[in-house]
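A structural walkthrough
Single-letter residue listing:
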Amino acid sequence: MPAVTSGSTRESDGRPAYEWRGLSLDVARHFFAVDDIDTLIDLAADLELNRFHLHLSDDQGWRIEVPARPQLVRRSSSGAVDGDPGGFYTLRDWRHLQDHARHRGIVLIPEIDVPGHTNAALHAVPGLNIGETPKAYTGIDVGFSTLHVDAPETEAFLRDVLGQAAEMGEGWVHIGGDESHATPRDEYEELVRMAVRVVHDAGARVIAWQEAAGLLESGDIVQVWADPLSLAQGDEQVWADDLSIEGVTAASHRGVGVLMSPASHIYLDMKYAEGDRLGLTWAGTVELQRALEWDPADIVRGVDPASIVGVEAAVWTETIRTFDEMISMLLPRLAAAADVAWNGSGVGRWESFREDVADLGEQWSAEGLAFHRSPGVDWRD
Ligand code: ACM
């Protein structure tokens, strides 16, 4: 199993502050073709990121071939949000992406999100349901779907899909665990424990969103997304009761690594500013300076700083349909996230960053990338 070093080194000796420097991409709400992912892997590598996390399943679509469960892609891959076209990766596609990523120094991380965010699986596999099999879903609500402990296929399904994910991953499988609002608490715990066990038995380590913090074991990673600031800034009431902020703190003191993806700073699907066409605002708006000026050690009070394995920007695709739209949301903010991952806290570093990012902008222009011209930077075009 891989090991990760925790804690910011905060050294200027050419070594990164954090070992885990990632980008997470939702290909379930809208699907992005292999060529697009190849280009995004190159972009991540250029910014010295070393993890690329693909969110491969959600309510709207199942995006990875599972030979043991062919109905998943047969029945649940063709759609996307708003009835847009979907798609899926074959295992051969996955190996291509993995080889490409490895060549660029990046580990590809597969996420199969359970027990919520599972409408696509429930639609494809009738035996995952207790009552009726649900219809395909093309909206953007969250929190209405769930696996069931007592459905006949649940355990075998987890073994099939997470066992395969363990084979696909390079020692890491992300099991989701977020926003399972429709799952009774006791079932949530049982289902997440089942998922953790399958991944561990397959010789891999688990990553899960913060709601599952209390169910992870030493050597696993909890990924923080709904940071206290995002909840305070947002314009929607996010399900706050089970966000397990205290669970994250406790986990950090018993050997669980903490990966920081605070929505209020590095959810790159947040709008830059009110009134933008693309993006959401539930965690507030995120302009470039906000993506830079934060400290991973300050996100969750009481977290053991030595447990923080890294920083991972995330982009969810409810509103993002095309490659150019994706680029306009990622850039320039991904450069800020990568800077924090490499150098540690970005607080007080705006003046030097805004000069450096103008140089990057020149390269992006030369490459024809449709990046967002954030205010406060002297872009050279
Ligand atoms: C998440 O944004 N629900 C992890």
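Residues numbered from 1 in each chain as written. Predicted model: local features only at pLDDT ≥ 70, side-chain atom pairs only at ≥ 80, totals over all residues. Heavy atoms only, no water.

1. A closer look at the environment of Asp201
- Within the secondary structure, Asp201 sits in helix α6 (residues 185-201).
- A relative accessible area of 64% places Asp201 in the exposed class. (Helix = DSSP H or I, 4+ residues; strand = E, 2+ residues; numbered from the N terminus. Buried < 20%, exposed > 50% of the residue type's maximum accessible area, 1.4 Å probe, protein only.)

2. Regarding the pairing of strand β1 (residues 20-26)
- Counted residue by residue, β1 has 7 buried out of 7 residues, so it is predominantly covered.
- Neither face of β1 is exposed, since Trp20, Gly22, Ser24 and Asp26 on one face and Arg21, Leu23 and Leu25 on the opposite face are all buried.
- Sheet topology note: the β1/strand β8 (residues 308-315) ladder contains 6 bridges and is parallel. Of the residues in β8, the one forming a bridge with Trp20 is Gly310.
- Handedness of the crossover is the feature at issue here: the chain leaves β1, passes through helix α1 (residues 34-46), returns alongside strand β2 (residues 51-55), and the resulting connection is right-handed. (Pairing = 2+ DSSP bridges. Right-handed = clockwise from strand over helix to strand, strands pointing away.)

3. Concerning the packing of aromatic side chains
- Tallied over the entire structure, the rule returns 12 aromatic pairs.
- Between Phe31 and Tyr89 the ring centres are 4.7 Å apart and the planes differ by 40°, which places this aromatic pair in the tilted class. One end of the pair, Phe31, is in the loop between β1 and α1; the other, Tyr89, is in the loop between α2 (71-76) and α3 (91-103), and 58 residues separate them in sequence.
- Linked through ring pairs, Trp209, Trp225, Tyr267, Trp282 and Trp316 together constitute an aromatic cluster. (Phe/Tyr/Trp six-rings, centres within 6.5 Å; stacked < 30°, edge-to-face > 60°.)

4. Re a negative patch on the surface
- A cluster of acidic side chains, namely Asp150, Glu155, Asp186 and Glu190, defines a negative patch on the protein surface.
- Structurally, Glu190 can be placed in helix α6.
- Residue Glu190 is classed as partly exposed on the basis of its relative accessible area of 43%. (Patch = residues over 30% accessible without salt bridge, like charges linked within 9 Å, V, L, I, M, F, W, Y side chains within 5 Å. Areas by Shrake-Rupley, 256 points an atom, 1.4 Å probe, with all protein chains shown as cover. Salt bridge = Lys/Arg side-chain N within 4 Å of Asp/Glu carboxyl O. Lys, Arg positive; Asp, Glu negative; His and termini not counted. Charge placed at Lys NZ, Arg CZ, Asp CG, Glu CD.)

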